[in-house]
Every structure is written in structure tokens, then in C-alpha cells.
Amino acid sequence: MSSGTLTIDLNAIVANWRALDAMTACETAAVVKADGYGLGAAEVAGALAWAGARQFFVALAEEGAALRRALGPGPTISVFSGHMAGDTDLIRAHALVPMLNSVEQMARHLETLPEAAFGVQLDTGMNRLGMEPAEWAAVRDLAPGRTPALILSHLACADAPDHPMNARQLQLFAEITAEAGVPRSLAATGGILLGEPYHFDLTRPGIGVYGGLPFIDAHPVVALDLPVIQIRDVVPGETVGYGNTWSAARPSRIATVAAGYADGLIRAIGRGARVFAGDVPCRVVGRVSMDLITVDVTDLPEPPEALSILGRHQSVDTLAEAAGTIGYEILTSLGRRYSRSYPA
Ligand SMILES: *Cc1c(COP(=O)(O)O)cnc(C)c1O
């Protein structure tokens, strides 16, 4: 096997979704945008649908279409980007529910698909997607008899429980939707952990389902094992990799493994990352290159055949921290060259 092996534990994904579901008294959806945070939207959503999830969210209509093909009719598939120009046929053909983000999208939807379901996304301060409260007030009577299937908004600082932004957004959301009389959703993973007032009728966890922070009690979901291509000995003073950024301070043994930044192991991990031979940690040395990483394996009793970069000893968030990023980015960057396995 020349490529790395990415093992994705669908049972852990189901367990995480159930644990998040058990924290609320309301319905729990699942966010499977960006191909299920890089882990395979069809596989992830299939497992969660089997476990009882009935609502899924994607970012784009194209993702919704692919997900509908995988799930078949039945589950609700909602689209965060709403009803964009050119999306009408996809929305109709795959019975997608666009979360309308603007007056313009609302007009487009009511005009082109007057019978089709829709949701409304409101901006409560993040200033990224959604109608402003005043816009919502102006358009809500535009379509008498056409009530949204869902009203949602998104928290900007939910991963920081003490941030005053959380309560501000909660209050505004509760205020402007109080009279709406339709299902409401405010919480993603972070919002679920903020507690009951944030839950409303539906939660939309993504990262927690995939085993990432801020859900600290999550079951780990991914393991990534990288085969060693070659091992060499270097003498003190010899350098390793592009730019000669590492030089041996002692007689050293260097293993070259088959993955690099083209596989999502971004260059920035080089500075602090470790990989594991069984239980033994080994340092990444030198620069991460496109297809290869070099590792100091001097202290191992035997030359390793493979090294683990994600798994029992190192979570996605630990690796992300070594690289100065977040687990979301590491997960969604995991490359296409790995051989992916979904053990039963
Ligand atoms: C991505 C996203 C989510 C899921 O967020 P997590 O932090 O991954 O749980 C929920 N709602 C919206 C609008 C999103 O963009």
C-alpha cells in the first residue's frame, strides 16, 4: 500500500450525534457540508439517517443534490446558501429546502418555485449570511400563506461560552422570531453546549458529530496511518528536507512517510507535530513537502512500517493546534489520495 489509510469510524459518528441529541429536548439535525467535513457526506449521512436523523444541512445546492441521490426521498435536506441564481432546477429536482438569505432570494424562490418549501436565515450579528431583522420584518408578509419551514440564525462566538456575543444574539433571535410561529434553530455544536435557552426546536451540529472541539467528550472518529517509504541514517550536522531547516544533533534515523501538504497535512504542522509508532511519539523534522513528511525515528527499537498521525494518541484538534489552526480545517483538508476505510 503506497498511500496513507484514513479510517473513519461511523459508529463513533453515530455515538457523537446521539450524545449531542441527548443534551437537548428538541430535534437534532446533522450538518454534512463540505462532503461531511471531508469524511464522506454519503457515508456519514447514511449512518446518521439509519440512527434516526431526519434533517441534514449542506452549504450548496450541488451538495444537496448529491446527498439526495445518496439518501433517497424522505430526509429533509436544507441548503445554507439559500436559493442562488441557477439553483432553481436543482432545488426542484431534489426537493431541497433553501434557507433564504435575502429579499432577492426570497423573491426568486417565490417566483420560480411558488409551491416549494423554504427556510429563512436571519442575521443576528455575525454579518455573514441572512436577512437583517428589518428586512425580515419587511418581507415576512410578502407571501401570505407561505410560512417558512424553519427560521435559523448562526452564533459567531459559541465556542467561547463566556463571550457576551452569545447572549446578545440569543436575545435578538428570540425577540425577532417570537411571533413567527414556525420551528426555530440557533445552535450548532457550540450552541448545544451553551445550554437549553439556545436549543429552540432544532439543533444543527457539525464538528461535534465528527469528534471535534468544542465537544470535549466526543468519541474520536478518524485515524490516519502513513506508510514509511524509506529509512536512512544521518550523521550529526547533516540536514533534512527543503531549505535545510533541520540538522541532526546526534546520529539519527529518519523515516520518510507517504503524505504531505497535498494530502491536507499542511506545511504548518511541521513545526510542532508528532507522529506515533504504536504508543511511541516521534518528531516530524524538516519541512513538510507536497507528498512526503520526514520523521525522527532514532529512538525506536525497530524501523517502523507505518506511522500514525491521527488516532488514539493524537486527535484532529491536537494536530490542528500544532499547526496553528482549528480541527475543522484539518478535517476538511484531508486529501483524496488516502485509501478510505469505513469499518463496520
Ligand atoms: C457549519 C455550520 C453549522 C455547523 O457548525 P459546527 O460548529 O460544525 O457544529 C451550523 N450552522 C451553520 C449556519 C453553519 O454554517
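A quick note: this is a predicted structure, and the numbers were derived from the prediction, not measured. (Residues numbered from 1 in each chain as written. Predicted model: local features only at pLDDT ≥ 70, side-chain atom pairs only at ≥ 80, totals over all residues. Heavy atoms only, no water.)

1. A look at the environment of Thr189
As for its placement among the helices and strands, Thr189 is situated in helix H9 (residues 189-194). Classification of Thr189 as buried rests on a relative accessible area of 2%. In the structure, Thr189 is positioned 26 residues away from Phe215 in sequence and 7.0 Å away in space, judged by C-alpha atoms. Once residues within four sequence positions are removed from consideration, Thr189 is found in contact with Arg204, Pro205, Gly206, Ile207, Gly208, Pro214 and Phe215. (Helix = DSSP H or I, 4+ residues; strand = E, 2+ residues; numbered from the N terminus. Buried < 20%, exposed > 50% of the residue type's maximum accessible area, 1.4 Å probe, protein only. Contact = heavy atoms within 4.5 Å.)

2. Quick word on the nonpolar core
If you look at the biggest cluster of nonpolar residues, it comprises 76 residues, and the most contacted ones within it are Ile13, Leu39, Leu48 and Leu265. In this structure, this core is formed jointly by two domains, domain 1 (10-210) and domain 2 (222-341), each of which donates at least three residues. The contact partners of Ile13, leaving out residues within four places of it in the chain, are Ile8, Leu39, Val44, Leu48, Val209, Tyr210 and Val221. Judged by nonpolar contacts, the second largest core, of 20 residues, contains Leu100, Val120, Ala143 and Ala158. (Core = buried A, V, L, I, M, F, W, Y, C linked by side-chain atoms within 4.5 Å. Domains from an automatic or database assignment.)

3. Examining the pairing of strand S17 (residues 293-296)
Of the two faces of S17, the one carrying Ile293 and Val295 and the one carrying Thr294 and Asp296 are both buried. Where strand S16 (residues 280-285) meets S17, three bridges bridge the pair, whose relative direction is antiparallel. Within the sheet, the bridge partner assigned to Val285 lies in S17 and is Thr294. (Pairing = 2+ DSSP bridges.)

4. Some thoughts on the sheet that holds strand S8 (residues 151-152)
Judged by pairing direction, the sheet is parallel, and its seven strands sit side by side in the order S3-S4-S5-S6-S7-S8-S9 without closing on themselves. What marks the edges here is a single partner per strand, and that holds for strand S3 (30-31) and strand S9 (184-185). As judged from the two bridges shared by strand S6 (residues 96-100) and strand S7 (residues 119-121), these two strands associate in the parallel manner. By the bridge assignment, Leu100 is partnered in S7 with Val120.

5. Structural notes on the environment of Ala218
Examined against the element boundaries, Ala218 turns out to sit in the loop between strand S10 (202-203) and strand S11 (222-234). A relative accessible area of 16% places Ala218 in the buried class. Along the chain, Ala218 and Ala19 lie 199 residues apart, while their C-alpha atoms are 8.3 Å from each other.

6. What to know about the site of the ligand
Neighbouring the ligand are 14 residues, the closest being Lys33, Tyr37, Thr189, Ile207 and Tyr328. In the environment of the ligand, an oxygen atom lies 2.7 Å from a nitrogen or oxygen atom belonging to the side chain of Lys33. Within the side chain of Arg128, an N or O atom sits 3.3 Å from an oxygen atom of the ligand. Burial of the ligand by the surrounding chains reaches 91%, relative to a free accessible area of 390 Å². Grouping the constituent residues of the shell around the ligand by class yields seven nonpolar, four polar and three charged. (Near = heavy atom within 4 Å. Polar contact = N/O pair within 3.5 Å; in protein donor to acceptor, adjacent residues only side chain to side chain. Areas by Shrake-Rupley, 256 points an atom, 1.4 Å probe, with all protein chains shown as cover. Nonpolar A, V, L, I, M, F, W, Y, C, P; charged D, E, K, R; others polar.)

7. Observations regarding the packing of helix H1 (residues 10-22) against helix H3 (residues 41-51)
Helix-helix packing is characterised by the crossing angle of the two axes and by the distance between the axes. Between H1 and H3, the least distance of the axes is 9 Å, while the angle of their chain directions is 55 degrees. As the angle between them shows, H1 and H3 are arranged oblique. By crossing handedness, the relation of H1 to H3 is classed as right-handed. Facing H1, whose interface residues are Leu10, Ile13, Val14, Trp17 and Arg18, H3 presents Glu43, Val44, Ala47, Leu48, Trp50 and Ala51. (Axes fitted to C-alpha atoms, helices over the stretch in contact; angles between N-to-C directions. Parallel < 35°, antiparallel > 145°, perpendicular 65-115°, else oblique. Left-handed = near helix turned anticlockwise from the far one by under 90°.)

8. Topic: the domain arrangement of the protein chain
Here the protein chain is partitioned into domain 1 (10-210) and domain 2 (222-341). Of note, the centres of domain 1 and domain 2, computed from C-alpha atoms alone, are 37 Å apart. The interface of domain 1 with domain 2 comprises eight residues on the first partner and seven residues on the second. Ranking the residues of domain 1 by area buried against domain 2 places Tyr37, Leu39 and Ile207 at the top, with a combined share of 63%. Our count for the contact surface shared by domain 1 and domain 2 stands at one salt bridge. A salt bridge links Arg336 to Asp35, with the shortest nitrogen-to-oxygen separation between them at 3.0 Å. There are two residue pairs in polar contact (both at pLDDT 80 or more) connecting domain 1 and domain 2. When grouped by side-chain class, the residues that make up the side of domain 1 that touches domain 2 number five nonpolar, two polar and one charged. (Buried area = accessible area lost by both parts, 1.4 Å probe. Salt bridge = Lys/Arg side-chain N within 4 Å of Asp/Glu carboxyl O.)

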